[in-house]
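# Results of the structural survey
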Amino acid sequence: MARSPTLDELRRYAIARSLFKPVTLPAAIRRLGFVQADPMRAPARAQDLILYQRVRDYRAGDLERRYERLGIEEDIFVNYGFLPREMLALLHPRTPRRPWDAATEQQAREVLAFVRERGAVHPREVGEAFVHHGRIAGYWGGELNASTRLLERMHQYGWLRVRRREAGTRVYEAMQHIEQDESPAARRARAEALVDAIVALYAPIPAPSLGYLVTLLRYGAAQLSVETRAVVKAARERYGHADIDGTAWFWPADENPASRRHQTGDGVRLLAPFDPVVWDRRRFEMLWRWAYRFEAYVPAPQRTMGHYALPVLWGEEMVGWANLRLERGQLRHELGFAAARPRDARFRRALDEELARFEVFLAQRADA
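An account of the accompanying structure is given in this report. (Residues numbered from 1 in each chain as written. Predicted model: local features only at pLDDT ≥ 70, side-chain atom pairs only at ≥ 80, totals over all residues. Heavy atoms only, no water.)

## Description of the overall build of the chain
Heads up, the condition is: Where helices and strands are cited, they refer to DSSP runs of H or I of at least four residues and of E of at least two residues respectively, numbered from the N terminus. Think of it in three bands: with a 1.4 Å probe and only protein chains considered, a residue is buried below 20% of the maximum accessible area for its type, exposed above 50%, and partly exposed in between. Residue contacts are defined here by distance: any two heavy atoms, one from each residue, within 4.5 Å place the two residues in contact.
Scanning the chain from N- to C-terminus turns up 14 helices and 14 strands. By principal-axis analysis of the C-alpha atoms, the chain measures approximately 65 × 55 × 40 Å. Within the chain, buried positions represent 52% of all 368 residues. Relative to all contacts within the chain whose residues are 6 or more apart in sequence, the contacts with residues 24 or more apart total 62%.

Printed below as a string of structure tokens:
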């Protein structure tokens, strides 16, 4: 039996297993299993920032440009994002947490018939055809067509899928998911596969974070909530684990966090706020001993790190954060540090190299 890893080894393992050597775009998505999406672009969308660190010669917008050819889907897992198409069988048919009333279901059936007739539809087309649905409050203020929100819910419930995006807007087509085996054994197997995907993406993962992530499956697979909770309760039998400083940590059973093969390199990485390495703020603070905050929705006067601070990883150390912006085609940056700014000339060179690489990544940024 392998010995228990130290916290330093867990940190090295967390970096090395997630920030793997760059591969092709399809291979990176398969290896991650899920890429969280976010519409904010500061200076690039979260999904592009995540893939930029893991895909050879990746450019901002490549995921959207190549989406139809990749065999992937936009859908909900623990959050909204992109995942391999085969994962849909674990998530659907999805049971709505709040069933529609009769009037809304009738509207949805009318919209579905319209989509099937057209083959693929832009929300604008649906809004024009169903203007009588009226308008409702938008998520961030203002109003939007009620049919736009209905399309989103139809996608969530599996009536539609995203066929492609046009200038960042989802274009939908009709979708019908296969019926699933609802025997206890089959439901348990699907639940295990979903929790396995969480562990594979975010390992090593502290027990409280694993529990929280499984509660987020109420968005992607609420119909399996009993089974996924049971998988968590049996985590010590299913996953590799160790108790360190009073916290249980989990990882895939066939991996050894203490292995010397986990190497992190000595470069600088600018990571997305939703990158798997930094997503779990609890784990972040346990591994690097300072608290990273995502402050895009914090009032400007109350921000301590900036609007869209990107954690700065140097080798194994998370030394601080960077705010980037494009001004007249030039990349500008502002840095903050968790402690003192590294004085090592190697850090300056590595940072310059990462910023230069970042400029190439943004050079063909999509207008979407």
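## Quick word on the nonpolar core
Applied cut-off: In these notes, a set of buried Ala, Val, Leu, Ile, Met, Phe, Trp, Tyr and Cys residues joined through side-chain atoms within 4.5 Å is what counts as a nonpolar core.
In terms of nonpolar packing, the biggest core is built from 115 residues, with Leu51, Phe77, Ile198 and Phe358 touching the most fellow members. Other than its neighbours up to four places away in sequence, Ile198 contacts Phe77, Val78, Ile205, Leu210, Leu213, Val214 and Leu217.

## Observations regarding the packing of aromatic side chains
Operational definition: Geometry of aromatic contacts follows a simple scheme: Phe, Tyr and Trp rings, the Trp one being its six-membered ring, pair when their centres are within 6.5 Å, and the pair is stacked under 30 degrees between planes, edge-to-face over 60, tilted otherwise.
On inspection of all chains with the given rule, the structure shows 20 aromatic pairs. Pairing Phe358 with Phe361 gives two aromatic rings, centres 5.3 Å apart and planes at 85 degrees, and the pair type is edge-to-face. Taken as a pair, Phe358 and Phe361 lie in helix 14 (residues 345–363) at a separation of three residues, close to a single helical turn. Like Phe361, Phe358 is buried.

## Some points on the pairing of strand 9 (residues 240–244)
The line we're drawing: Pairing between strands requires that DSSP locate at least two bridges from one strand to the other.
Residue alternation in strand 9 divides its side chains into a buried set, Gly240, Ala242 and Ile244, and an unburied set, His241 and Asp243. Across five bridges, the pairing between strand 9 and strand 10 (residues 247–251) is antiparallel. Directly across from His241, in strand 10, lies its bridge partner Phe250. What sits between strand 9 and strand 10 in their antiparallel hairpin is a turn of two residues, with Asp245 showing a positive phi close to 50 degrees.

## A closer look at the side chain of Arg45
Short version of the rule: Neither His nor the chain ends contribute to the count of charged residues, in which Lys and Arg are positive and Asp and Glu negative. A pair is scored as a salt bridge if a Lys or Arg side-chain nitrogen falls within 4 Å of a carboxyl oxygen belonging to Asp or Glu. Definition of a polar contact: a pair of N or O atoms within 3.5 Å, with one able to donate and the other able to accept a hydrogen when the atoms are protein atoms, and with sequence-neighbouring residues admitted only if both atoms are side-chain atoms.
Mapped onto the secondary structure, Arg45 falls in the loop between strand 1 (35–36) and helix 3 (46–52). Despite being buried, Arg45 has no salt bridge partner; Glu64 is the closest side chain of opposite charge, sitting 4.2 Å away. Of note is the side chain of Arg45, whose polar atom sits 3.4 Å from the backbone oxygen of Pro39.

## A short note on the sheet that holds strand 9
Inclusion rule: Lines fitted to the C-alpha atoms define the axes, with helices restricted to the stretch that makes contact. Angles between their N-to-C directions range from 0 to 180 degrees.
Here three strands make up an open sheet; going across it, the order is 8-10-9 and the pairing antiparallel. Edge positions in the sheet fall to strand 8 (205–206) and strand 9, since each has one partner strand and no second. Relative to the sheet, helix 1 (residues 7–18) contacts strand 9 and strand 10, its axis offset from that of strand 10 by approximately 35 degrees. Relative to strand 10, helix 13 (residues 281–288) is tilted by about 110 degrees, and along the sheet it contacts strand 8 and strand 10.

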